[in-house]
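Architecture and fold: a report
Okay, here's what each chain looks like letter by letter:
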Amino acid sequence: MVEARISRRSLLMGGAAITAWAASPVSAMLRTIQPGRDAAAIDALIGQMTLEEKAGQLSLMASAWGGGVATTLNPAGDNGSFAAQIADAVAGKLTGVFNGNGAAMALQMQRAVISGSRLKIPVIFAADIIHGHRTIFPVPVAEAASFEPSLAERTARVAAFEAAGAGIDWTFAPMVDIARDQRWGRTMEGAGEDVLLGRQFAAARVRGFQGKSLSDADAMLACAKHFAAYGAAEAGLDYNSVDVSERTLRDVYLPPFKAAFDAGALSTMASFNEISGIPSNGNKWLMTDLLRGEWGFQGFVVSDYTGDEEMILAGFAKDRRDAARIAFLAGVDMSMKSGVYVEHLPGLVRDGLVPQALVDASVRRVLAIKARLGLFDNPFRRIDLKREKARSRLKTSLDLAREAAVKSIVLLKNDGNLLPLAPTARIALIGPFANAKTDLNGPWVVYGDNAQAINLATGLTEGMAGRGSLAVVAGSGVDKPLAGGIEAAVAAARNADVVVLEIGESENMSGEAQSRDEITVPAPQQALAEALAATGKPLVIVLKNGRALALEGAVKAAPAIVVGWFLGSEGGRALTDVLLGKASPSGRLPMSFPIASGQEPFHYDRKATGRPNPSGDLLPYKTHYRGIPNEALYPFGHGLTFGDIVYSNLAQNSPAMAWDGSLEISATIANRGRREAEEVVQLYVHDRVATVTQPIRELKAFRKIRLPAGASEVVSFKLRREDLLFIGTALKLTVEPGTFDVWIAPSAQADGVHGTFDLSAA
Ligand code: NOJ
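Here the structure is a predicted model, which means the values were calculated and not measured. (Residues numbered from 1 in each chain as written. Predicted model: local features only at pLDDT ≥ 70, side-chain atom pairs only at ≥ 80, totals over all residues. Heavy atoms only, no water.)

Within the protein chain, the regular secondary structure consists of 22 helices and 28 strands. By the compact-globule yardstick of 27 Å for 762 residues, the protein chain fits well, its C-alpha radius of gyration being 27 Å. Seen along its three principal axes, the alpha-carbon backbone of the protein chain occupies a region of about 75 × 65 × 45 Å. Counting all 762 residues of the protein chain, 61% fall into the buried class. Here the analysis covers contacts within the protein chain between residues at least 6 apart in sequence; of these, 78% occur between residues at least 24 apart. Carbon and sulfur atoms make up 52% of the accessible area of the protein chain, which amounts to about 26900 Å² in all. For the protein chain, the distance from the average site of its 78 positive side-chain charges to the average site of its 80 negative ones is 5 Å. (Helix = DSSP H or I, 4+ residues; strand = E, 2+ residues; numbered from the N terminus. Rg over C-alpha atoms; globule rule 2.2 N^0.38 Å. Buried < 20%, exposed > 50% of the residue type's maximum accessible area, 1.4 Å probe, protein only. Contact = heavy atoms within 4.5 Å. Areas by Shrake-Rupley, 256 points an atom, 1.4 Å probe, with all protein chains shown as cover. Lys, Arg positive; Asp, Glu negative; His and termini not counted. Charge placed at Lys NZ, Arg CZ, Asp CG, Glu CD.)

For the pair helix 18 (residues 456–464) and helix 22 (residues 571–579), the least separation of the axes is 7 Å and the interaxial angle reads 50°. Our classification of the angle between helix 18 and helix 22 gives oblique. Two packed elements cross with a definite hand, and for helix 18 against helix 22 that hand is right-handed. Judged by residue contacts, Leu 456, Gly 459, Leu 460, Glu 462 and Gly 463 of helix 18 engage Gly 572, Arg 573, Leu 575, Thr 576 and Leu 579 from helix 22. Grouping the constituent residues of the contact of helix 18 with helix 22 by class yields four nonpolar, four polar and two charged. (Axes fitted to C-alpha atoms, helices over the stretch in contact; angles between N-to-C directions. Parallel < 35°, antiparallel > 145°, perpendicular 65-115°, else oblique. Left-handed = near helix turned anticlockwise from the far one by under 90°. Nonpolar A, V, L, I, M, F, W, Y, C, P; charged D, E, K, R; others polar.)

What follows concerns the packing of aromatic side chains. Taken as a whole, this structure holds 20 aromatic pairs when the rule is applied. Consider the rings of Trp 170 and Phe 300, whose centres lie 5.1 Å apart with planes at 80°: the pair is edge-to-face. Taken together, the residues Trp 170 in strand 4 (residues 170–171) and Phe 300 in strand 9 (residues 300–303) connect sequence positions 130 residues apart. Here Trp 170 falls in the buried class, since its relative accessible area comes to 0%. Summarising the aromatic geometry, the rings of Phe 257 and Phe 261 are spaced 6.5 Å apart at their centres and angled 40° between planes, so their arrangement reads as tilted. Of this pair, Phe 257 and Phe 261 both sit in helix 11 (residues 255–262), four residues apart, which is roughly one turn of that helix. On the accessibility criterion, Phe 257 (0% relative accessible area) is buried. Residue classification places Phe 261 among the buried positions, given a relative accessible area of 12%. Stacked on the ring of Trp 444, the Lys or Arg Lys 225 has its end atom at 5.4 Å from the ring centre. Sitting over the ring of Tyr 684, Arg 697 keeps its end group 5.5 Å from the ring centre. (Phe/Tyr/Trp six-rings, centres within 6.5 Å; stacked < 30°, edge-to-face > 60°. Lys NZ or Arg CZ within 6 Å of the ring centre and 35° of its normal.)

Moving on: the nonpolar core. Of all hydrophobic cores here, the largest spans 167 residues; its most connected members are Trp 170, Phe 227, Leu 501, Leu 532, Val 540, Trp 565 and Phe 593. Among the elements that make up this core, the one with the highest residue count is helix 15 (residues 356–372) (six residues). Inspection of this core shows a minimum of three residues originating in each of domain 1 (8–122) and domain 2 (397–599). Dropping the residues within four chain positions of it, Phe 227 is found in contact with Leu 254, Phe 257, Thr 268, Met 269, Ala 270, Ser 271, Ser 280, Leu 286, Met 287, Leu 290, Leu 291 and Trp 295. Core analysis: the next-biggest nonpolar cluster, separate from the first, contains 23 residues, Tyr 647, Val 681, Ala 701 and Phe 717 among them. (Core = buried A, V, L, I, M, F, W, Y, C linked by side-chain atoms within 4.5 Å. Domains from an automatic or database assignment.)

We now examine the site of the ligand. Lining the immediate surroundings of the ligand are 13 residues, of which Asn 74, Asp 128, Arg 186, His 226 and Asp 304 lie closest. Residue Asp 128 places a side-chain N or O atom 2.5 Å away from an oxygen atom belonging to the ligand. Note that an oxygen atom of the ligand is positioned 2.8 Å from one of the side-chain N or O atoms of Lys 225. Calculation on the ligand without its partners gives an accessible area of 300 Å², and the protein chains cover 100% of this total. The residue inventory of the shell around the ligand, partitioned by class, reads five nonpolar, three polar and five charged. (Near = heavy atom within 4 Å. Polar contact = N/O pair within 3.5 Å; in protein donor to acceptor, adjacent residues only side chain to side chain.)

With that out of the way, let us pick up the sheet that holds strand 4. Read across the sheet, five strands follow the order 4-3-2-1-10 without closing on themselves; strand pairing throughout is parallel. Edge positions in the open sheet fall to strand 4 and strand 10 (335–336), since each of these has one partner strand only. As defined by bridge partners, strand 1 (residues 59–62) adjoins strand 2 (residues 96–98) across three bridges and the pair is classed as parallel. When the bridges of strand 2 are listed, Met 61 appears paired with Val 97. (Pairing = 2+ DSSP bridges.)

For the rest of this paragraph, the subject is the sheet that holds strand 13 (residues 469–473). Strand pairing in a sheet is mediated by backbone hydrogen bonds. Such pairs are either parallel or antiparallel. Strand order in the open sheet formed by six strands is 11-16-15-14-12-13, and the pairing between neighbours is mixed. In the strand order of this sheet, the two ends are held by strand 11 (410–414) and strand 13, each with one partner. Averaged over all neighbouring strand pairs, the angle between strand axes comes to 15°, with direction disregarded. Pairing geometry for strand 14 (residues 498–504) and strand 15 (residues 539–544), over six bridges, is parallel.

Shown next as structure tokens:
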């Protein structure tokens, strides 16, 4: 095994390679390429490059090490041998590799390039570090339920600390796609349906990944993806066409990207989808006019995997050469995996179809970012075998994983205060996930190990510490019944005081290419729930899910429902903290749970229509389905606590907001319960009349507060004209004088307290 032999040598040679590099004359020359004073040195380097080497700098390849993990999360492809890939790297045919296997691999490749290549341009190592490296945090949409962007910044920081310790310079995250259709499996990877939350989490994650300075050894370059509107796939079908107006694009889908770039993200990924007939990989308006021209983006654009080449099957490019030409001219600087740039860019330049100056500009961007990552200063700065081990799964990281998981959990329903459970109770823990060693981390984990994650059975066993009793029964498979499963589950339930039923989706039911036509609990698990409900024992449902689910029957009717997502390394302990009341639940839904799958796409910030149905009975010729209202079962922003929260006393410092002024709006939030609670106080606005119809409600601000039992707090928000902007008739941000409704409320559908104000004309 080449890998094994070289990796043993690498272990011994790590320090030596770094010392040799530091002493070499090439290192001295390249070290002049530094953040802030790199332009001339980079131009000098470009001046020495052949066209083939330039195309190589614009080509990222799937790591071939040991077969690589790159293709386990992507369509399988032949990545060749690692030895051949090293030879390619030395020959300048690639800029770096992604989803490789850690520092040993990186050391080998970087050493070969630095010692053997003509120009000694360091390679870059990329990976899908989406919600953790070895310590796995909740899936991103779960973390968004915390309504605490600083939490996502902290978990992204730890992910970068671990991953950069393993040689990774660049993460393909954050995913900042707004997801309004819960059939779409990649909902789990973003921050949900709301634009404000999406913007704040996008920026926080970028800050977390990139740290104080990109050149730090624990910083990773962030990649805001997938540019753009990937989440708007028709019918929630992954990769499907998108046909949104430029207004919706600018109002809804683009703002999280802008927030990520404003926070410093220096790379973005061209989405697989087309928008109104133009694939993103071939969309010059998007990739060049808007991104670089209008927004002044200084980073580079990479294709999503073979997205450039896929323009052939989409019917937009004739062949690989045509695909390379179209993508490059549109503004996609770097091609991932397909190899179309390395194969065709030189020829396209020689034939006059692609200007050499454009190629130089893309190479300049890529080299400038390699410089900002500190790679010219020290190509081995993130490659350190000892550090890789030393940083993995530290206690502080696992503690943060538990904190993040607790804060991600959403309590949808708690009739009769069934929760928290007494640790002395006789509990029947049932469901296919209860004691499983799978489906804990969630989709999009490259380096984490489910076997190291804590399931609910382990969490409850620890939490109960020998008190009460715990019977654990699977009862069903995920999507197939288990022989005798229901009978065993019912027997366990009969001997218990309470049933905790953990059901829902397996890891492979959400994530990429995992669209669902019905977003319900799979039938065998639903049957299990019905049988358990029939025992008459109190039923606590703990959902495992990467998207909103349409709850039915006994699941919907259960007295207590907890959204448990995929919570990562410490999930079972975090769920136990909430179930046994060590922690008070504080998560809020980042997306609406519909009444039925057929409502999708469903989002709270929809338009009124000219025939809205007032709440209450369904009226004829109004906007509703035949049997159900046009509402959520559990709306965006909803989540209960163990307290009893009451909103009152909306107060404004004025009935009007002056054009250049601000308005203070407050409400009193009281906890009349007997337990401390954390409340996410949300402020929504509705613009009553505008030249473009406006959503029935839009989140404009939120604040998370801690309220001891019996305490109350006046929570106040300051609104300005900028908070009321929308994309107007001229497709520009605009704001118009008029009357606005305002709510301070516990969810997008709750009344909370309501007022109005006028924005006066300038
Ligand atoms: C395809 C996915 O869409 C993207 O998010 C990911 O970063 C790449 N594959 C690389 O694994």
